[in-house]
Amino acid sequence: MSARRRNRARGISVWVIALLVALVATIQLRSEVEVARSLVGVDPTSLAFLIDDLHRANDSLDAEKADLGQRRAALQSGEASAADQVLTEESNRLRALEGQIPVQGPGIVIVIDAGGLTALDLQDALNNLSAGGAEEIDVNNRRVVTGVSLSQTSAGVAIDGVVVAPPWTLSAIGDPTRLAEVADLMTQQLRADRRVRGASYRVEANIVIRSVVSPKPFVYAVAS
Amino acid sequence: MTRRNLASLSLLALVALATGFVLAGQIKTQLLTPSNQVARYQALVRSVQDLEATNADDRRQIAALRSQIDALESEAATKSAATQALRQQVQDLRAHAGLVAMHGPGVDVELRNGVAGPNAGGQTGYLINFEDVQDVVNLLFARGAEAIAVSGRRITPLSSFSGSQGQVVIDQGPPLSSPVTISAIGDRNAMVEALADESALPDVRARQVQFQIQLVFRGSPDISVPAYDSSLQIPHVSPT
């Protein structure tokens with residue numbers, strides 16, 4: 001009887017230990033799988049930046065919704081002059097963002113004196129400014145919007161076919177605080193580049209951009 | 001000692017040994033820390049997902065509002081010749097700003113991640129990044145593209161590219177990742193020629209060799225690009 005009881009106790013202890021092993025192994029495997037699943041190629045710092053970007057993006061979208069809502073309300077009023085006013089304001093805004101009219105506003109001016117910088121370098125600098133909130137950009141009195149051709153020629157970097165010789169003066173209108181942060185980082189990085197003789201920036205309360213982009217008619221694209 | 005007892009003891013020893021290994025492994029991988037990390041990561045991922053859902057909803061609402069405004073303007077234009085002329089002018093400006101869906105001949109370009117490779121270490125060169133997309137878009141504009149969309153996101157005069165670790169953020173949209181498709185309307189022969197030029201896109205070409213990232217393109221007689229569905233606000237700008 002006692003031998004049977006001993007065997008039974010031994011059997012139970014084996015099961016208890018086996019259960020513990022299974023439990024610990026399961027927890028271990030699950031935790032590792034979860035780590036892997038939630039970290040597919042994105043580290044937490046990048047996720048934090050992404051959250052920041054999305055917050056800013058959604059704020060912009062809210063502002064656009066509010067603006068469009070106002071325009072719709074004005075049109076719904078049915079007043080004869082309302083449509084003309086909405087359309088005129090829209091026309092002015094679009095001309096400005098397409099670079100077709102001179103504009104002004106607060107912003108920053110960056111001066112880069114360098115030899116050997118390429119069209120890709122200028123393209124990166126302009127994209128940094130745009131991503132940092134630049135609403136209008138001018139380089140050496142050449143207006144630049146996305147879509148304006150930047151190319152490398154034997155004579156240097158050309159904007160829309162016209163060579164822009166260094167030093168480059170980049171004027172950007174937009175939120176001066178955000179743009180100053182971007183310009184600060186940009187000029188620090190540029191100064192570390194051997195090709196750059198000097199890179200500096202200044203914040204200005206009112207920058208006037210007089211250069212314009214000539215509108216190009218569509219040749220291939222047709223409205224759907 | 002009976003054979004049965006011996007078997008039980010052996011089993012017990014085996015189980016104890018396995019327990020020891022698992023516990024050692026557990027301690028080594030610091031179960032508690034990863035669990036906290038998982039919770040933190042999951043919270044971050046949830047935040048991103050919530051913000052992306054809001055973003056998509058906002059963009060849907062913006063597209064709907066623009067469509068309603070278009071209908072109201074169209075109605076107003078029937079009442080006055082001056083309003084009609086003004087509306088036509090604005091429609092043309094909207095088309096150039098990317099606010100109108102377009103179609104026409106052009107090229108489709110696909111950028112796809114390569115292979116990390118055994119010695120990649122911390123390198124992310126095998127991932128398609130925002131600079132690759134920016135370079136292709138600029139090359140196409142330089143060769144006369146009239147309208148471009150990146151994975152269904154229309155490029156506008158204000159567009160910018162950002163992102164990190166294989167994520168491509170364009171304007172206010174959620175991040176895109178490989179494969180990224182760039183559709184451009186314009187002179188397809190000129191654009192195909194530019195993309196085939198071995199001296200163009202030097203960084204992409206180098207990583208095609210090193211990491212097998214893929215750049216595939218083909219001309220097409222009819223390509224469609226959607227209208228822009230995000231913000232085109234320029235609050236700091238005023239006319240001179």
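Criteria and cut-off values
Numbering of residues starts from 1 in every chain and runs along the sequence as written. Whichever chain is written first becomes A and whichever ligand is written first becomes 1, with later ones labelled in order. pLDDT decides what is reported in this predicted model: residues at 70 or higher carry local features, side-chain atom pairs at 80 or more are listed and counted, and totals for whole chains, interfaces and linings draw on all residues regardless. Secondary structure counts use DSSP, requiring at least four H or I residues in a row for a helix and at least two E residues in a row for a strand, with both numbered from the N terminus. Here the radius of gyration uses the C-alpha set of atoms, whereas the globule reference equals 2.2 Å times the residue count to the power 0.38. The burial label depends on the number of other C-beta atoms within 10 Å of a residue's C-beta. Counts of 20 or more mean buried, 12 or fewer mean exposed, and intermediate counts mean partly exposed, with C-beta atoms placed from the backbone. With C-beta atoms placed from the backbone, a contact is any residue pair whose C-beta atoms sit within 7 Å. Two strands pair if DSSP finds at least two bridges between them. For helices, the fitted line uses only the C-alpha atoms of the stretch in contact; every axis is such a line through C-alpha atoms, and the angle between N-to-C directions lies from 0 to 180 degrees. Put simply, angles under 35 degrees are roughly parallel, angles over 145 are roughly antiparallel, angles from 65 to 115 are roughly perpendicular, and the rest are oblique. For a crossing to be left-handed, the near helix must be turned anticlockwise from the far one by less than a right angle; the clockwise case is right-handed. Each residue receives one of three labels: charged for Asp, Glu, Lys and Arg, nonpolar for Ala, Val, Leu, Ile, Met, Phe, Trp, Tyr, Cys and Pro, and polar for the others, Gly being one of them. Values of pLDDT, ranging from 0 to 100, describe the predictor's confidence in every residue of the model.

Participant: Just to check I follow, could you spell out the overall build of chain B for this structure?
Facilitator: Counting its secondary structure elements, chain B contains 6 helices and 8 strands. Taken from N to C terminus, the helices and strands of chain B fall in the order α-α-α-β-α-β-β-β-β-β-α-α-β-β. Whereas a compact globule of 240 residues would reach a radius of gyration of roughly 18 Å, chain B reaches 28 Å, over 25% beyond that. Overall size of chain B, expressed as C-alpha extent along the three principal axes, is 110 × 45 × 35 Å. The buried share of chain B, taken over its 240 residues, is 41%. Considering only contacts within chain B whose residues lie at least 6 apart along the sequence, 76% involve residues at least 24 apart.

Participant: So what exactly am I meant to see when it comes to the sheet that holds strand β4 (residues 150-153) of chain A here?
Facilitator: Whether parallel or antiparallel, the strands of a sheet pair through hydrogen bonds between backbone atoms. Residues and elements named next belong to chain A. Here we have 3 strands laid out as an open sheet, ordered β4-β5-β6, and antiparallel in their pairing. Both edges of this open sheet fall to β4 and β6 (162-163), since each of them pairs with a single strand only. In the sheet, β4 pairs with strand β5 (residues 156-159) via 4 bridges, with the strands oriented antiparallel. For glutamine 152, the partnering residue across the bridge sits in β5 and is valine 157. Docked against the sheet, helix α4 (residues 119-131) engages β4 and β5, running at close to 160° with respect to β4.

Participant: I tried to follow the packing of α4(A) against helix α5 (residues 176-191) of chain A on my own but got confused; where do I start?
Facilitator: Two measures define how a pair of helices packs: the angle their axes make with one another and the distance between the axes. All names here are of chain A. Look at α4 against α5: their axes get within 9 Å of each other, and the N-to-C directions meet at 150°. What the angle tells us is that α4 and α5 run roughly antiparallel. Where α4 crosses over α5, the two elements pack in a sense that is right-handed. The segment α4 lies against α5, with Ala125, Asn128 and Leu129 engaging Leu179, Val182 and Met186. Across the contact of α4 with α5, the residue classes break down as 5 nonpolar, 1 polar and no charged.

Participant: For this particular structure, what's the right way to read the interface of chain B and chain A?
Facilitator: Many structure descriptions define interface size as the accessible area lost when the parts assemble. Counting residues at the interface gives 90 residues for chain B, matched by 87 residues for chain A. Those elements that place two or more of their residues in the side of chain B that touches chain A are α1 (3-28), α2 (32-77), α3 (81-97), β1 (102-112), α4 (130-142), β4 (161-162) and β8 (238-239) of chain B. It is α2(B) that contributes the most residues to the side of chain B that touches chain A, 26 residues altogether. Here the residues of the side of chain B that touches chain A sort into 45 nonpolar, 35 polar and 10 charged.

Participant: What should I look at first to understand the pairing of strand β6 (residues 180-185) of chain B in this one?
Facilitator: Two faces belong to every sheet, and in a regular strand the side chains alternate between them. Residue and element names in this part refer to chain B. Most of β6 sits out of view: 5 of its 6 residues are buried. The pairing of strand β2 (residues 147-150) with β6 spans 4 bridges and is antiparallel. Of the residues in β6, the one forming a bridge with valine 150 is isoleucine 182.

Participant: Looking at this model, I keep getting lost on unusual backbone geometry. Mind explaining?
Facilitator: A negative phi holds for most residues other than glycine; trans holds for most peptide bonds. Put simply, A:Pro166 and A:Pro167 share a cis peptide bond, and its omega is 5°. Of note, the bond from B:Ser178 into B:Pro179 is cis; its omega dihedral lies within 30 degrees of zero at -5°. On the secondary structure map, B:Pro179 appears in the loop between β5 (169-170) and β6. Positive phi, normally seen in glycine, also occurs at A:Asn140, with a value near 45°.

Participant: I would appreciate a short explanation of the confidence of the model for chain A in the present structure.
Facilitator: Close inspection of predicted coordinates is inappropriate in any region flagged by low pLDDT. The share of residues in chain A with pLDDT of 70 or more is 93%, and the mean pLDDT across the chain is 89. Here residues 34-39 of chain A is modelled with pLDDT under 50, and outside its nearest four sequence neighbours on either side it reaches 9 contacts, counting other chains as well.

Participant: Quick question: what am I supposed to make of the packing of helix α3 (residues 80-97) of chain A against α3(B) here?
Facilitator: Packing of α3(A) against α3(B) brings their axes to within 9 Å, and their N-to-C directions diverge by 30°. It follows from the interaxial angle that α3(A) and α3(B) lie roughly parallel. The element α3(A) and its partner α3(B) pack so that their crossing is left-handed. Contact residues: α3(A) offers A:Ala83, A:Asp84, A:Leu87, A:Thr88, A:Glu90, A:Ser91, A:Leu94, A:Arg95 and A:Leu97, while α3(B) offers B:Ala82, B:Thr83, B:Leu86, B:Arg87, B:Gln89, B:Val90, B:Leu93, B:Arg94 and B:Ala97. Tallied by class, residues from the contact of α3(A) with α3(B) come to 9 nonpolar, 4 polar and 5 charged.

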